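Results of the structural survey
This is what each chain is made of:
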Amino acid sequence: MAIIIDKSKRYGFMPGCSLPSYSPEAVIKTTEYLMSVFPKFSAVQKCCGKPTKAVGQYDLFKERFAELQKDMDDVGIENMIVACQSCKLTFDEASKTPTFSLWEVLPLIGLPEGFKDKAKNSDIVFTIHDSCSTRNDRPLQEGIRWILDELGYKYIESEYAFENTRCCGFGGMVVPANPEVAKKVMKRRVETLDSENVVVYCSACRSSLLQGGAKSWHILDLVWGPVVQAGDMAPVDVLAKPVNSWLNRYKSKAGINKAFK
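The paragraphs below set out a description of the structure included in this document. No experiment lies behind these values; they were computed from the predicted model shown.

Turning next to empty space enclosed by the protein. In this structure the tally under the stated criterion is two cavities of 30 Å³ or more. By volume, the largest cavity is sized at about 60 Å³. Contributing to the lining of the largest cavity are P15, S18, L19, A83, C84, Q85, Y201, C202, S203 and H218. Tallied by class, the residues present in the lining of the largest cavity amount to six nonpolar, four polar and no charged. When its volume is computed, the second largest cavity comes out at roughly 40 Å³. Taken together, T30, Y33, L34, L102, L106, L111, P112, L220, V223 and W224 make up the full set of residues lining the second largest cavity. When contributions to the lining of the second largest cavity are tallied by element, the ones reaching two or more residues are α2 (24-37), α6 (102-109) and α11 (219-224). Considering only residue class, the lining of the second largest cavity consists of nine nonpolar, one polar and no charged.

If you want it as structure tokens, here you go:
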């Protein structure tokens, strides 16, 4: 179904869990940009409950999602924009609120003024890791390519892209359940990539590919951060340290609150 942007409605933004854990800057700048585009706008930083559902606690999931839905209803959100692919699937299954991926929305509203071709002189060549949770969502995947094209970055498509993508090693709660298996899957995924420089649109995927030996950037690193050149090191793996992850979540939430003051 084609997305129609209706700025007379109130839009909400939910960054998910892993993105705030990784990059408060990306969360805050994205929130501020969406706020500048949509006259009626709210943001929610909360877990969608998917991990609870993934381990079979369905009643608890329903309870937690009902609380999230109430938060959205209380502020009058009519359309939700999410940055997390797992959130997208969860909302599609459980929410009455129409929900769109940030990667579908950005091509429709455009990047901020002055961002087009900012990396046209970069010599780095990326490949793209598509999130397996939305392997069949071509409009979402094409949105990532649009952002890279708009910024001016060069990339090559992997054999294992789009619907043929492979798991990064983080899915299915395998990391806490069987970390040794997770490490093997991470390494195997990196071995199938066509470049050591990888663009992802899931922070958990980024962490997995770093652990597997690749250099990976979140797509929002490329949007909001400095131009990346060949030989540059990827940002450190913040998600590998739970204390830092929770601190970043706090910073993200504090930044969102400040944006609305």
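And the narrative resumes.
In spatial order, the strands read β2-β1-β3-β4; together these four strands make up an open sheet with parallel pairing. The sheet is open, and its two borders are formed by β2 (41-43) and β4 (99-101), each paired with just one other strand. Averaged over all neighbouring strand pairs, the angle between strand axes comes to 25°, with direction disregarded. In this sheet, β2 lies alongside strand β1 (residues 11-14) in parallel orientation, the contact comprising three bridges. From the neighbouring strand, Y11 faces β2, where its bridge partner is F41.

The rules behind these values
- Residues numbered from 1 in each chain as written.
- Predicted model: local features only at pLDDT ≥ 70, side-chain atom pairs only at ≥ 80, totals over all residues.
- Heavy atoms only, no water.
- 1 Å grid on protein atoms, 1.4 Å probe; cavity = no way out; pocket = protein on both sides within 12 Å on 5 of 7 lines; lining within 4 Å.
- Points joined across faces, edges and corners; volume = space filled by probe spheres on them.
- Nonpolar A, V, L, I, M, F, W, Y, C, P; charged D, E, K, R; others polar.
- Helix = DSSP H or I, 4+ residues; strand = E, 2+ residues; numbered from the N terminus.
- Pairing = 2+ DSSP bridges.
- Axes fitted to C-alpha atoms, helices over the stretch in contact; angles between N-to-C directions.

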